[in-house]
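If you want the building blocks of each chain, they are given just below.
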Amino acid sequence: MRPNPSSRCSAAQLVRSSVQRRAHAWAHDAALGVYALALCALAASCSRHGDTPGSSGHGAAWERITWAPDGQRPDLSARVMAALTPQDVVDTWSVSREGRKPMALEVAGTPARLELRATGARLAKLTLDIEAARVDAATLTIDVPEGEKEGVMLSFVTGPRTRAYSDVKVVEGGPGLESVSFELGMVQRLEGRVDHVVLHAAGQCSAAGFVALDLTARPPLALLPDVREGPRQVHVGTDGRAAIGLAGNAPVTGHVAAPRDGELHLSYRVGPGPELADAVLVLEGLGSDALRLPLAADASAWRELVRSVKGPGDLLLRARIEASDPTAASLLADAGVLDRAARRGSTTPSTVVLITSDTHRGELLSAASPSLVATPALDALAARGVLFLDAASTTNATNPSHVALMTGIHPRDTRVVTNRAPVARQATTLAERFAAAGWRTAASFSAFQLGDELSGLGQGFDRYDGPGFPRNEDFDAFEGSSDTVRLGEHTVAAALAQIAAVGDAPLFLWVHVYDPHSPYVPPPAFDGKYYPAGQDPRATGAGLPVSGADVPSFLTGVTDPDYAWDQYRALVDYVDHALAPLLTTPRVAAGITAFTSDHGESFGNHGIWWDHTGIYRDTTIVPLVLAWPGAPAARVKFPVEQFHIGRTLLALAGLEPGDFPGRDLRDALAIEPAREPRFALAANGVSASVDDGRWLLVMHLTDEESTDKARTWTPGQVELFDRIADPDCSVDRVSEELVRARRMRKALVAWLDAADQRGLAESFHISAAIDAALQELGYADTEVSGSRWFDPASGDSFTEAYGEK
């Protein structure tokens, strides 16, 4: 019997181009191919964590090289790459609310200026032919009438495609000319050439006079991670590595303690800027003769250097570039020395793998729900470890949930509640803890919003492989990009390559797959697996529960409301298939593995369709499996919180968790585990919840509306559900359980008010290009401001309905 759609959970809306993109990707993949313990033993395992592999220590097998500048920092002043004047205008027009109207050009005055008049927005299209990577800033000279204001912005065009935008700047008119500067980091990341730049004037003033536009670039070294600030993630394609920059006029020195039997590993590549036909990377300190490594070869991949080093003692390296152009730049990455003897005799596992399956509902493992999906690889993992049947996420959004997983800190306190706020560098991440203990660290992720610049999660990782910002030559800011997400099997292939690259060093590896996500288009081998054979979803069923513009483009024409749910389940099967090569790799099978999700997905419950906007059980209950050598084969019904995984993995790996936040999930294996309420905070801070194990109370903090428009919620409103009697949480019990509702609501408000007001969220400007890509993936986040998550002074419908007590 097919499940009732009202019991399903959420994903985000993708535009039709995404459906076509993934279908083409899967067609391409098809061509390539893809590669019980006894009760007494259980009690003994539960009674004392010190009896697990996590109790014995080991030496640091991997020592990272510490780099420092060798001499004074060179001059990094910008130089003008293009100077545009009114004579470079190829087309000028006025755009009003009624449409686009041609406007006569008028160049006059001293200096010459182009007069932008008429009502509405004004645009001037300027001829430009330049490599995008050679531009990182612009200075606009404009004349705005004194006492008036004008909003200005730049967009960069290749052929018919608008590929990037600048910030919007507001210019206040004065007695003379005004100058405004733009940072163009998003332009500098693009591939290929730009042939036009468009000046947008908002039409706030009576007339704006364009005088000049200078496009500038700093030397290549200025665009690379500063050695004084430490390594940062730099991508070559999808392959990101923690790197520092150096140039011919800025050599660096490196220091590391070399073991008796060591192996030096170093990645390097060319940097942006001048051609490096004659450039050589020179490494001194590895022997009597310096190593000379040509840099003129293929720049599309990192190159690797592996050398035996003998100690014990300090190893001192000097790296420099020899080139005819002294500003020629390069990158050094993922550099360190492996002690091949450090782990001999160690009893702790040398591999820790954390797997997150994006938008994966909690019940969708066949070990938990055999009738819903087939997940043999994950079932095998659960059979040799602990399956938690009631694990809750902290939120319903990808980046905030992953930040909580990687820091052990709830989104209430990180204040990262959107996919557009990176976690701050002062945060201590799980990867940093493993790195500090002498472990190699690597990540392989599937969606671009988890990239380091947008999430901040690259800190602590030596290697960080995944889609970067949209930047390829086909990218259009209005239509999206083909490289924002990738298939799980490609992510797993990259993860397997990372395992092979680290040799015998202990490894912490994070693998993120994105496939159980709208538009619910499984690869051909899984397409229609759960949908009745021969049935047409466009000619079956009573129609979708929403209409018009509320129907996502990927369901246009579909009339069977069960179709998306069946395809979603097939995608979960695909995830299991994609993860199988990783889970069966001997090193992984012998190590510590955690499998979970960031959040679930809704398929009609509470009127929420094909989305994860609510924080009901559909979106907060996630799968959680934890396996380690000697783990009891157990199914745990006790409620747990999935963001405690970090502390648990540190303990299992034999590392002292210290002040890393959270609880050890093995506590749930005790005969009478301590019960604590579980709190969740929705994306953008629109709602919050508390779950005491039986009762779930959801409190709305802002105005909300369900997908089907049948339900609305107002600030302060609460819903109360009996999870035991009503597992789907479909019957609101507030009226019958008013005393309980008051008590739980009071506890939830107190929890919200106890938030860390400082937080760990950094600001990140989203250009229209990145915003379009996020919108395409269904993430319509808004800015979150204010110090309190809930302010009753702004409205409290609960007290209005029931009074204060």
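Preceding this paragraph is the structure being described.
Just so we're clear, the structure is a prediction, and the values are computed from it rather than from any experiment. (Residues numbered from 1 in each chain as written. Predicted model: local features only at pLDDT ≥ 70, side-chain atom pairs only at ≥ 80, totals over all residues. Heavy atoms only, no water.)

**What about the overall build of the protein chain?**
A count of helices and strands for the protein chain gives 16 helices and 41 strands. Residues counted as buried form 58% of the 805 residues belonging to the protein chain. Just so you have it, the protein chain exposes about 31100 Å², and 52% of that area is on carbon and sulfur atoms. (Helix = DSSP H or I, 4+ residues; strand = E, 2+ residues; numbered from the N terminus. Buried < 20%, exposed > 50% of the residue type's maximum accessible area, 1.4 Å probe, protein only. Areas by Shrake-Rupley, 256 points an atom, 1.4 Å probe, with all protein chains shown as cover.)

**Some details on the sheet that holds strand β18 (residues 252-258)**
The antiparallel open sheet is built from five strands, whose spatial order is β2-β18-β23-β20-β21. Among the strands making up the open sheet, the edge pair consists of β2 (66-69) and β21 (291-294). When the angles between neighbouring strand axes are averaged without regard to direction, this sheet yields 25°. Across four bridges, the pairing between β2 and β18 is antiparallel. Of the residues in β18, the one forming a bridge with tryptophan 67 is glycine 254. (Pairing = 2+ DSSP bridges. Axes fitted to C-alpha atoms, helices over the stretch in contact; angles between N-to-C directions.)

**Considering empty space enclosed by the protein**
Taken as a whole, the largest cavity encloses approximately 180 Å³ of empty space. Around the largest cavity sit 16 residues that line it, and Phe638, Pro639, Val640, Glu641 and Arg663 are the ones nearest its centre. (1 Å grid on protein atoms, 1.4 Å probe; cavity = no way out; pocket = protein on both sides within 12 Å on 5 of 7 lines; lining within 4 Å. Points joined across faces, edges and corners; volume = space filled by probe spheres on them.)

**Observations regarding the nonpolar core**
Phe388, Phe434, Phe508, Trp510 and Leu649 are the most contacted members of the largest nonpolar core, which has 45 residues in total. If near-sequence neighbours (up to four positions away) are discounted, phenylalanine 508 is found in contact with Val352, Leu354, Leu430, Ala431, Phe434, Trp439, Arg440, Thr441, Ala442, Phe461 and Leu649. With 34 residues, the next largest nonpolar core counts Val152, Val171, Leu184 and Val197 among its residues. (Core = buried A, V, L, I, M, F, W, Y, C linked by side-chain atoms within 4.5 Å. Contact = heavy atoms within 4.5 Å.)

**Side note on the packing of helix α4 (residues 376-383) against helix α10 (residues 563-583)**
Relative to each other, α4 and α10 sit at 50°, their axes nearing to 7 Å. Here α4 lies oblique to α10, going by the angle between them. Every residue of α10 that contacts α4 at Pro376, Ala377, Leu378 and Leu381 is listed here: Asp576, Leu579, Ala580 and Leu583. (Parallel < 35°, antiparallel > 145°, perpendicular 65-115°, else oblique.)

**A short note on the packing of helix α9 (residues 488-501) against α10**
Look at α9 against α10: their axes get within 9 Å of each other, and the N-to-C directions meet at 15°. Taken as axis vectors, α9 and α10 run roughly parallel relative to one another. Where α9 crosses over α10, the handedness of that crossing is right-handed. Here α9 contributes Gly488, Glu489, Val492, Leu496 and Ile499 to the contact with α10, which in turn contributes Tyr574, Ala578, Leu579, Pro581 and Leu582. Residues belonging to the contact of α9 with α10 are distributed by class as follows: eight nonpolar, one polar and one charged. (Left-handed = near helix turned anticlockwise from the far one by under 90°. Nonpolar A, V, L, I, M, F, W, Y, C, P; charged D, E, K, R; others polar.)

**Examining the pairing of strand β7 (residues 113-116)**
Burial of the side chains of β7 extends over both faces: Arg113 and Glu115 are buried on one face and Leu114 and Leu116 on the other. With two bridges connecting them, strand β6 (residues 107-108) and β7 associate as antiparallel partners. Following the sheet pairing, alanine 108 is matched in β7 by arginine 113.

**Describing the environment of glycine 336**
Examined against the element boundaries, glycine 336 turns out to sit in strand β24 (residues 329-339). Accessibility expressed as a relative area gives 0% for glycine 336, which makes it buried. Linking glycine 336 and glutamate 263, residues 73 residues apart in sequence, is a C-alpha distance of 8.3 Å.

**Brief notes about the packing of aromatic side chains**
In total, this model carries 19 aromatic pairs according to the counting rule given. Note on tyrosine 531 and tyrosine 563: the rings are 5.1 Å apart at their centroids and 85° apart in plane angle, and the pair reads as edge-to-face. Taken together, the positions of tyrosine 531 in the loop between β29 (507-513) and α10 and tyrosine 563 in helix α10 put the pair 32 residues apart, joining distant regions of the chain. Per residue, the accessibility class of tyrosine 531 equals that of tyrosine 563, and both read buried. Ring plane angle 50° and centroid distance 5.4 Å describe the contact between tryptophan 609 and tryptophan 610, whose orientation is recorded as tilted. Classification of tryptophan 609 as buried rests on a relative accessible area of 10%. Of the residues examined, tryptophan 610 reaches a relative accessible area of 4% and is grouped as buried. Within the aromatic cluster, the residues linked to one another by ring pairs are Phe434, Trp439, Phe445, Phe461, Tyr464, Phe508 and Trp510. Over the face of the ring belonging to tryptophan 789 we find arginine 415, whose NZ or CZ atom lies 4.4 Å from the ring centre. (Phe/Tyr/Trp six-rings, centres within 6.5 Å; stacked < 30°, edge-to-face > 60°. Lys NZ or Arg CZ within 6 Å of the ring centre and 35° of its normal.)

**Describing the sheet that holds strand β37 (residues 687-691)**
With antiparallel pairing, the four strands of this open sheet are ordered in space as β36-β37-β38-β41. Single-partner strands in this sheet number two, and they are β36 (678-681) and β41 (718-722). Adjacent strand axes in the sheet meet at a mean angle of 15° when their direction is disregarded. Strand direction decides the pairing type here: β37 and strand β38 (residues 695-700), joined by five bridges, are antiparallel.

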